[in-house]
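Spelled out, the chains give:
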Amino acid sequence: MKAFLLLASLLSFDNLWADDSFIVTRDGKDYLCQLTGNPNPGSAIDCINKAYSGPFSKDESMRLCEGARGVGPADCAMKSYSGPFNREESITLCKRSGTIAHADCAIKAYA
């Protein structure tokens, strides 16, 4: 739990630099953690923030965006929820979706 809180607090900063690093000790072993690549390519945290700023609760947003690599699941769920689907159906439909394509297809099929 402490590692999660540390990671969450570090990821909440908007301006991370490539030379920022930290060490996490787990089971007596030290692991060096550092930022690689683009500092903000889109992530599960971005997805959660977008879904949570919309119609979804914190827990719903976290379930929806688990493992997300961008905001695709949030976009998909918000579009399907504004259509014929309830929140739970939207989460089920859009979890692990990379785009709004799942919502577009389901809305057309529903019509």
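This structure is a prediction, so every number in the text was calculated from the model and none was measured.

Caption draft 1: View of the packing of aromatic side chains. Under the counting rule described, the total for this entry stands at two aromatic pairs. Centroid distance phenylalanine 56 to tyrosine 81: 5.9 Å. Interplanar angle 50°. Geometry classified as tilted. Residue phenylalanine 56 is located in the loop between helix 2 (44-53) and helix 3 (58-65), and its partner tyrosine 81 is located in helix 4 (residues 72-82); the two are separated by 25 residues in the primary sequence. Judged by relative accessible area, which is 33%, tyrosine 81 ranks as partly exposed.

Caption draft 2: Examining the confidence of the model for the protein chain more closely. When pLDDT is averaged along the protein chain, the result is 78; 73% of the residues meet or exceed 70. For the protein chain, per-element mean pLDDT is lowest for helix 1 (residues 2-11), which scores 42, and highest for helix 3, which scores 96. Low pLDDT (under 50) marks residues 1-19, which in the prediction has 10 contacts with non-local residues, meaning those over four places away or in another chain.

Caption draft 3: Examining the environment of glycine 70 more closely. Here glycine 70 shows up in the loop between helix 3 and helix 4. Judged by its relative accessible area of 16%, glycine 70 is buried. Note: C-alpha distance between glycine 70 and threonine 99 (29 residues apart in sequence) is 9.0 Å. Beyond its immediate sequence surroundings of up to four residues, glycine 70 is in contact with Gly42, Ser43 and Cys47.

Reading the values: the criteria
Residues numbered from 1 in each chain as written. Predicted model: local features only at pLDDT ≥ 70, side-chain atom pairs only at ≥ 80, totals over all residues. Heavy atoms only, no water. Phe/Tyr/Trp six-rings, centres within 6.5 Å; stacked < 30°, edge-to-face > 60°. Helix = DSSP H or I, 4+ residues; strand = E, 2+ residues; numbered from the N terminus. Buried < 20%, exposed > 50% of the residue type's maximum accessible area, 1.4 Å probe, protein only. pLDDT = per-residue confidence, 0-100. Contact = heavy atoms within 4.5 Å.

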